[in-house]
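Residue strings, one per chain:
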Amino acid sequence: MRRLRATEPLRTLVRETHLEPSQFIFPLFVCPGRGVRREIGSMPGNYQLSIEEAVREAAEAADLGVGGILLFGIPDHKDESASEAYAEDGIVQRALRAIKQAVPDLLAITDVCNCEYTSHGHCGKIVDGQVDNDATLEWLAKAAVSHARAGADMVAPSDMMDGRVGAIRRALDSAGYPNTPILSYAAKFASVFYGPFREAAESAPQFGDRRGYQMDPANGREALREIELDLEEGADMIMVKPAMPYLDIIRQARDRWDVPLAAYQVSGEFSMIMAAARNGWIDCQRAMLESLIAIRRAGADITITYFAKQAAALLR
Ligand code: PBG
């Protein structure tokens, strides 16, 4: 076996898996204000950005050949009914208009969820102390339509309510957006690795946790059922999240369905590598590339990653 490993040209020739900047999606956190560029403590190199700063960041990603951005909003005002999630002039809706105007050719995907917008931090409407599934679907459908109206190229529901893909599809179709695709966070696990994101998006639940709607990390077969249901409801693309602890799910999804498959290398996966690198315990660039290649080898076509810009710059 060592004959074909002897030199870099030989290794390059027989390499099976390749990384392409066009298959990375870069998450951005947009907040109110002007000139805001607040670094997220637990996610070095990532920022809460006011709109014009987010436009700058999006333009940089486009210049590096990154495949697209995924927008998250941090609203001015949170309330019981997540009203800014679906407001026509909400933070994401305004940021989208600005980004699509400045960088029209960059693919803009929006995260459709309520946890950043509710005062209690849960992903849906609370009825009798529980997240009410069907009441939440209405909010999600309204949010998706408002994103499409503001110029979203794709919407990505991440809430894990049952039936949300179908509800969003029907709402988009009847509002005149039959061509807006849905990337569903189909197999999303209740993961500790979202910790740094909740600091970034100020979205930690104020009571309880998300295990009543996100999946049990122990369940692989159930993940396949989740994906199947989302496809039946009309998902155009599917996602597994987190990525590296769930490579088995990515591989099974790849083998079973021929739709584009995304994986989300989440905040905690990013932050662990950054923290170890800052301690001098691991080489950042190599850990970044090895983790991205592993996710791709497992079968992901598209990777959502906080390393998108850094990796794209290296791969040029
Ligand atoms: C919103 C949402 C979360 C993430 C993406 N969309 C947080 C959560 O479910 O708690 C996590 C992303 C990351 O950790 O990078 N529901």
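Scroll up to find the structure this text is about.
Because the structure is a prediction, the values reported are computed rather than measured. (Residues numbered from 1 in each chain as written. Predicted model: local features only at pLDDT ≥ 70, side-chain atom pairs only at ≥ 80, totals over all residues. Heavy atoms only, no water.)

(A) Summary view of the overall build of the chain. Counting its secondary structure elements, the chain contains 11 helices and 12 strands. Once the C-alpha set of the chain is aligned to its principal axes, its extents read approximately 65 × 45 × 40 Å. When contacts within the chain are restricted to residue pairs at least 6 apart in sequence, long-range pairs at least 24 apart make up 73% of them. In the chain, 35 side chains carry a positive charge and 44 a negative one; their mean positions are 6 Å apart. (Helix = DSSP H or I, 4+ residues; strand = E, 2+ residues; numbered from the N terminus. Contact = heavy atoms within 4.5 Å. Lys, Arg positive; Asp, Glu negative; His and termini not counted. Charge placed at Lys NZ, Arg CZ, Asp CG, Glu CD.)

(B) Broad picture of the side chain of His147. In this structure, His147 sits in helix α4 (residues 133-150). Assessed through its relative accessible area of 3%, His147 is described here as buried. Ignoring any residue separated from it by four or fewer positions in sequence, one finds His147 in contact with Ala85, Val92, Gln93, Leu96, Thr110, Asp111, Val112, Ala152 and Val155. (Buried < 20%, exposed > 50% of the residue type's maximum accessible area, 1.4 Å probe, protein only.)

(C) Up close: the pattern of salt bridges. Counted under the stated rule, the structure contains 18 salt bridges. A salt bridge links Asp153 to Lys100, with the shortest nitrogen-to-oxygen separation between them at 2.7 Å. One end of the pair, Asp153, is in the loop between α4 and β8 (154-157); the other, Lys100, is in helix α3 (residues 91-102), and 53 residues separate them in sequence. A salt bridge links Arg169 to Asp236; the shortest N-O distance between them is 3.9 Å. Remark: Asp236 occurs in the loop between α7 (220-233) and β10 (237-241) and Arg169 occurs in helix α5 (residues 164-174); sequence separation between them is 67 residues. The exposure class assigned to Asp236 is partly exposed, which follows from its relative accessible area of 33%. Residues participating in the shared-partner salt-bridge network are Arg37, Glu53, Arg56, Glu57, Glu60 and Lys309. (Salt bridge = Lys/Arg side-chain N within 4 Å of Asp/Glu carboxyl O.)

(D) Structural detail: the packing of α3 against α4. Relative to each other, α3 and α4 sit at 20 degrees, their axes nearing to 8 Å. Looking at the two axes, α3 sits roughly parallel to α4. As α3 packs across α4, the resulting crossing turns out to be right-handed. Every residue of α4 that contacts α3 at Val92, Gln93, Leu96 and Arg97 is listed here: Ser146, His147 and Ala150. The class makeup of the residues in the contact of α3 with α4 is 3 nonpolar, 3 polar and 1 charged. (Axes fitted to C-alpha atoms, helices over the stretch in contact; angles between N-to-C directions. Parallel < 35°, antiparallel > 145°, perpendicular 65-115°, else oblique. Left-handed = near helix turned anticlockwise from the far one by under 90°. Nonpolar A, V, L, I, M, F, W, Y, C, P; charged D, E, K, R; others polar.)

(E) Seen up close, the nonpolar core. Counting residues in hydrophobic clusters, the biggest one holds 108 residues, and the most contacted among them are Phe29, Ile69, Leu70, Ile250 and Tyr264. Per element, the largest residue contribution to this core is 9 residues, and it comes from α4. Ignoring sequence-local partners within four residues, the contact set of Ile250 consists of Val240, Ala243, Leu261, Ala263, Ile295, Ala298, Gly299 and Ala300. (Core = buried A, V, L, I, M, F, W, Y, C linked by side-chain atoms within 4.5 Å.)

(F) Main features of the site of the ligand. Residues in close proximity to the ligand total 18 residues, the closest being Lys188, Arg198, Lys241, Ser267 and Tyr306. At 2.6 Å from an oxygen atom of the ligand is found a side-chain nitrogen or oxygen belonging to Tyr306. When the ligand is considered free in solution it has 400 Å² of accessible area, and contact with the protein chains removes 100% of it. Among the residues making up the shell around the ligand, the classes are represented as 10 nonpolar, 3 polar and 5 charged. (Near = heavy atom within 4 Å. Polar contact = N/O pair within 3.5 Å; in protein donor to acceptor, adjacent residues only side chain to side chain. Areas by Shrake-Rupley, 256 points an atom, 1.4 Å probe, with all protein chains shown as cover.)

(G) Just the pairing of strand β12 (residues 302-305), in detail. Neither face of β12 is exposed, since Ile302 and Ile304 on one face and Thr303 and Thr305 on the opposite face are all buried. As paired strands, strand β1 (residues 24-30) and β12 are joined by 2 bridges and run parallel to one another. By the bridge assignment, Phe24 is partnered in β12 with Thr303. Examined bridge by bridge, strand β11 (residues 261-265) and β12 share 4 bridges and lie parallel to one another. Bridging from a neighbouring strand, Ala262 pairs with Ile302 of β12. (Pairing = 2+ DSSP bridges.)

(H) Representation of the packing of aromatic side chains within the structure. All chains considered together, the criterion is met by 10 aromatic pairs. Considering the side-chain rings of Phe189 and Tyr246, the 4.1 Å spacing of their centres and the 15 degrees angle between planes classify their relative orientation as stacked. Of this pair, Phe189 sits in the loop between β9 (183-188) and α6 (195-201) while Tyr246 sits in the loop between β10 and α8 (247-256), placing them 57 residues apart in sequence. For the pair shown, Phe189 and Tyr246 are each scored as buried. Chaining the aromatic ring pairs together yields one cluster made of Phe29, Phe72, Tyr185, Phe197, Tyr264, Phe270, Tyr306 and Phe307. Here the guanidinium or amino end of Lys188 rests over the ring plane of Tyr194, the centre of that ring lying 5.4 Å away. (Phe/Tyr/Trp six-rings, centres within 6.5 Å; stacked < 30°, edge-to-face > 60°. Lys NZ or Arg CZ within 6 Å of the ring centre and 35° of its normal.)

(I) Spatial organisation of a nonpolar patch on the surface. On the surface, Leu4, Leu13 and Val14 cluster together into a nonpolar patch covering about 300 Å² of accessible area. With respect to the element layout, Leu4 can be found in the segment before α1 (8-13). Residue Leu4 is classed as partly exposed on the basis of its relative accessible area of 48%. (Patch = residues over 30% accessible without salt bridge, like charges linked within 9 Å, V, L, I, M, F, W, Y side chains within 5 Å.)

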